[in-house]
Amino acid sequence: MKNAGKKAAPTFQRGDRLKASQLNAMAAAINGQPVPGLEVFSPPRVMGKLTTDLGRATAFTSNAATATMRVWRKDASGTPVAAETITVVNRFMFIDLPSNTIVKAEWIEGEWQLYAADCEAEPV
């Protein structure tokens, strides 16, 4: 089987030890964008604005709050423009955010979770 880089995926036998180059080849075949210098991959991250209020979670595992977020991407001139809308999940029990807050989200365990937010919402 060939990977996206047109290199043959390594094969292993029971008891084999992985070399760094083999581990990197496996990561390249499985994941997305590399972290420069490390040759390992990080999960997708996006930046944008909340389009609805994001409440607090009432329980970390079972009652997370959700909101919608408008993702911003740079156009050909480098100016951020509104792109797709995603649902973000808030598992923090002591953080809530109003609509129009600039936030960053990361793909964690199958959902978009916030990892950064501005201190206040941008005025409308």
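Nothing here was measured: the structure is a model prediction, and the numbers come from that model. (Residues numbered from 1 in each chain as written. Predicted model: local features only at pLDDT ≥ 70, side-chain atom pairs only at ≥ 80, totals over all residues. Heavy atoms only, no water.)

The subject of this paragraph is the sheet that holds strand 3 (residues 45-50). Spatially, 3-4-5-7-6 is the arrangement adopted by the five strands of the closed barrel, whose pairing is mixed. Within this sheet the neighbouring strands show an average axis-to-axis angle of 50°, counted without direction. (Pairing = 2+ DSSP bridges. Helix = DSSP H or I, 4+ residues; strand = E, 2+ residues; numbered from the N terminus. Axes fitted to C-alpha atoms, helices over the stretch in contact; angles between N-to-C directions.)

So, about the pattern of salt bridges. Summed over all chains, the structure comprises five salt bridges. Lys 49 is the partner of Glu 122 in a salt bridge, and the nearest nitrogen-oxygen pair spans 2.1 Å. Residue Glu 122 is located in the segment after strand 7 (111-117), and its partner Lys 49 is located in strand 3; the two are separated by 73 residues in the primary sequence. Looking at Lys 49, the relative accessible area reads 18%, which means it is buried. (Salt bridge = Lys/Arg side-chain N within 4 Å of Asp/Glu carboxyl O. Buried < 20%, exposed > 50% of the residue type's maximum accessible area, 1.4 Å probe, protein only.)

As judged from the five bridges shared by strand 3 and strand 6 (residues 102-108), these two strands associate in the antiparallel manner. Looking across to strand 6, one finds that Arg 45 is bridged to Glu 106. Here strand 3 pairs with strand 4 (residues 65-74) via four bridges, running antiparallel. Paired with Leu 50 across the strands is Met 69, a residue of strand 4.

Attention shifts here to the packing of aromatic side chains. A complete count under the given rule lists one aromatic pair for this structure. Ring centres of Trp 107 and Trp 112 lie 5.2 Å apart, and the angle between their planes is 70°; on these two criteria the pair is classed as edge-to-face. Just above the ring of Tyr 115 sits the side chain of Arg 45; from NZ or CZ to the centre is 4.4 Å. Its guanidinium or amino end placed over the ring of Phe 60, Arg 91 lies 6.0 Å from that ring's centre, counting from NZ or CZ. (Phe/Tyr/Trp six-rings, centres within 6.5 Å; stacked < 30°, edge-to-face > 60°. Lys NZ or Arg CZ within 6 Å of the ring centre and 35° of its normal.)

Time to look at the environment of Pro 123. Turning to its location among the elements, Pro 123 is positioned in the segment after strand 7. Looking at Pro 123, the relative accessible area reads 73%, which means it is exposed. Here the alpha-carbon distance between Pro 123 and Asn 100, two residues 23 residues apart in the chain, equals 7.6 Å.

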